[in-house]
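Commentary on secondary and tertiary structure
Here is how the chains run, residue by residue.
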Amino acid sequence: MNALASATEFPARRKSTYLNSASVALMYRGCQQAIDAWNQDLAENGTINFNEIAEQTIFDPLHKAFARLLNATPNDIAVASSATEQLSSLAWAIMPPSGSKILTTGIVFPTTIYPFARVARHTGAEIKFIPGENGYTDPQKLLDAIDDTTAVVCLSHVEFGSGQQYDLRQFADACHAHGALLIVDATQSAGAVPIDAPASGADAIISGGYKWLCGPFGASVMYVAPNLQRTLDPGLIGFRSNKDIWKLDVEYQDFPDSAHRFEFSTMAYGCSVGLAESVRYLADIGVENIQAHNLKLADRLLAGLDALGAQVVSPRNNAERTSIVSAKLPNIVSADVVDHLNKANIIISPRRDLFRFSPHLYNSTDDIDHALAELKQFLHTVKH
Ligand SMILES: Cc1ncc(COP(=O)(O)O)c(C=O)c1O
C-alpha cells in the first residue's frame, strides 16, 4: 500500500523511514512554504504589507481551516502559540473552586493537566488521577468517578504513550449530567482521528500544530463550544483580547463574543498562516481517509510485532485504537531498540519503558516492512 501523501508534499519522506508523528510529524511542504513566504515578506517589507488590517485578520485562514476540520464555525476557534498556552488560559478562565474535583487519567501527558493543577493549587480544588493498568485506563472507571463535585474532566483524546482513544460523546454526556465541563487535549488526535466538535459535546478541544496536523512549532488551535464563548474570562489577556484590537485605550476592555477572546497577543504569526495550509490540506484528503490508511499501517505493524514476540500495550479494538503502537520486547531494553532503529534511519521514539511507532499519511506498508525487518535483525544480533 502506497503512502497517501507524496514526497513532493513531504520531501523529508525521502530522507528516512519516519514513523514518529506522535512526537513531531513531518511538515507539509505547503505549510513550510507559507511560513517562509510570510517571514520573508515581513523581513523585507515590515508593515508595508503586514499593516493593521493584515494583523487584525491574520488568523482568519486558520479559523476557517480548523473549523472545517472539526465541523465547527470560524468563530468557535482561537489561535495561539502552543497547546500549553491555550490550556493555561482556559484553566484560569474556568478556575474550578475549592471543594470541586478535576479528573484525568494516570497516564495523561503532563501538559494536559499541569495548567489545571496550577489553578487547583490556587483555589484548593482537588486533582484526581484515575490509575491505569499496564498503560491502559479503563474508561468506565473514569466515567464512574464523575459526580456532582466534578468541575472538569480533562482528557487527552488519544493518550500519547499508548494511543488509547476515548469516546468523547460518552464523556461529554457524563460530565454534563453532573454540571461538569469536558476539556479535550486533541494534540495526539487532530488530523489523524475524525472529530466532529459540536457532535462530540466537548466544551473545549485544543491541539498543538506540530504533530498529526503536520504543521509547525509555534501555532496551536482551540475550539470553544458556543455556549461558553461569552462567559469565560481568559487567563491570558493582552491588546488582542478586544473586539477592536486597534483601539489601544487602556481603559477599554471588551472581549469578542466568540472563541477569539482567547487570542491575546502577537505571536510568530507566520506559523499560524502555515498551519492553516496544513489543516486545509488534511481536510481536503479527509481525516476519515487518513485514519483508514493509518490503521492499515498499524495492522501490519501489529502483525509483525506479534510475530517477533513483542508485548504490545496499545489497545487493539476499533473503538480505542489508533496508529500509535507501543510495545516492548521481553528481556530487551526499549531504549536499545529505539537506538538501533534510529541508527538504521528508522525514526521512532522511546516512551517510558516502551518503544513507540506512530505512522501517518506519508508512510507506506514498505516503511512498516522495513522497520520490522530491521527489528528482526536487531533481535537476531542481541540473541547471538
Ligand atoms: C497530549 C499532548 N498534549 C500537548 C503536548 C505538547 O503541547 P505543546 O508543546 O503544544 O504545548 C503533547 C506533546 O507531546 C502531547 O502529547
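This one's a predicted model, so the numbers in the text were calculated from it and none came from an experiment. (Residues numbered from 1 in each chain as written. Predicted model: local features only at pLDDT ≥ 70, side-chain atom pairs only at ≥ 80, totals over all residues. Heavy atoms only, no water.)

The next thing to look at is the domain arrangement of the protein. Taken as a whole, the protein is organised into domain 1 (11-19 + 287-383) and domain 2 (30-285). Each of domain 1 and domain 2 was reduced to a C-alpha centroid, and the two centroids are 29 Å apart. With 25 residues of domain 1 in contact, the opposing surface of domain 2 contributes 24 residues. When the two sides are added together, the surface that domain 1 and domain 2 hide from each other amounts to roughly 2000 Å², 59% of it contributed by carbon and sulfur. There are zero salt bridges connecting domain 1 and domain 2. (Domains from an automatic or database assignment. Contact = heavy atoms within 4.5 Å. Buried area = accessible area lost by both parts, 1.4 Å probe. Salt bridge = Lys/Arg side-chain N within 4 Å of Asp/Glu carboxyl O.)

The next subject is helix 1 (residues 29-45). Under the 1.5 Å per step criterion, the end-to-end length of helix 1 is 24 Å for 17 residues, consistent within 8% with the ideal 24 Å. Those residues of helix 1 that fall on the buried side of the exposure criterion are Gly30, Cys31, Ala34, Ile35 and Trp38. What you see down the axis of helix 1 is that its buried residues fit within an arc of 140°, all on one side. Exposed residues lying more than 90 degrees from the buried face of helix 1 are Ala43 and Glu44. In this fold, the buried residues of helix 1 make contact with helix 9 (269-285). (Helix = DSSP H or I, 4+ residues; strand = E, 2+ residues; numbered from the N terminus. Expected span 1.5 Å × (residues − 1). Buried < 20%, exposed > 50% of the residue type's maximum accessible area, 1.4 Å probe, protein only. Arc of directions from axis to C-beta.)

Scanning the entire structure with this criterion turns up 14 salt bridges. Between arginine 280 and aspartate 284 there is a salt bridge; the shortest N-O distance is 3.2 Å. Of this pair, arginine 280 and aspartate 284 both sit in helix 9, separated by four residues, roughly a single helical turn. With a shortest N-O distance of 3.2 Å, aspartate 353 and lysine 328 are connected by a salt bridge.

Spatial ordering of the open sheet is given by 9-10-13-12, a layout of four strands whose pairing is antiparallel. The outermost strands of the open sheet, each flanked by one partner alone, are strand 9 (311-312) and strand 12 (349-351). Packing against the sheet, helix 10 (residues 287-307) makes contact with strand 9, strand 10 (325-328) and strand 13 (354-357), and its axis sits at approximately 10° to strand 10. Helix 11 (residues 334-343) contacts strand 10, strand 12 and strand 13 of the sheet and is inclined by roughly 40° relative to strand 13. (Pairing = 2+ DSSP bridges. Axes fitted to C-alpha atoms, helices over the stretch in contact; angles between N-to-C directions.)

With that out of the way, let us pick up the pairing of strand 7 (residues 204-208). Here strand 7 lies mainly inside the structure; five of its five residues are buried. A two-sided burial pattern is seen for strand 7, the buried positions comprising Ala204, Ile206 and Gly208 on one face and Ile205 and Ser207 on the other. Where strand 6 (residues 181-185) meets strand 7, three bridges bridge the pair, whose relative direction is parallel. Pairing of isoleucine 183 across the sheet is with alanine 204, part of strand 7. Inspection of the sheet shows strand 7 paired to strand 8 (residues 220-224) by five bridges, in the antiparallel sense. Note on strand 8: the bridge partner recorded for isoleucine 206 is methionine 222.

The next subject is the site of the ligand. Near the ligand there are 13 residues, and of these Ala83, Thr84, Asp185, Tyr210 and Lys211 occur at the shortest range. With respect to the ligand, the backbone of alanine 83 contributes an N or O atom lying 2.9 Å from an oxygen atom. Measuring from an oxygen atom of the ligand, one finds a side-chain N or O atom of threonine 84 at 2.3 Å. Protein chains bury 88% of the 400 Å² of accessible surface belonging to the ligand in isolation. Residue assignment for the shell around the ligand shows that the elements contributing at least two residues are helix 4 (83-94) and helix 5 (110-123). (Near = heavy atom within 4 Å. Polar contact = N/O pair within 3.5 Å; in protein donor to acceptor, adjacent residues only side chain to side chain. Areas by Shrake-Rupley, 256 points an atom, 1.4 Å probe, with all protein chains shown as cover.)

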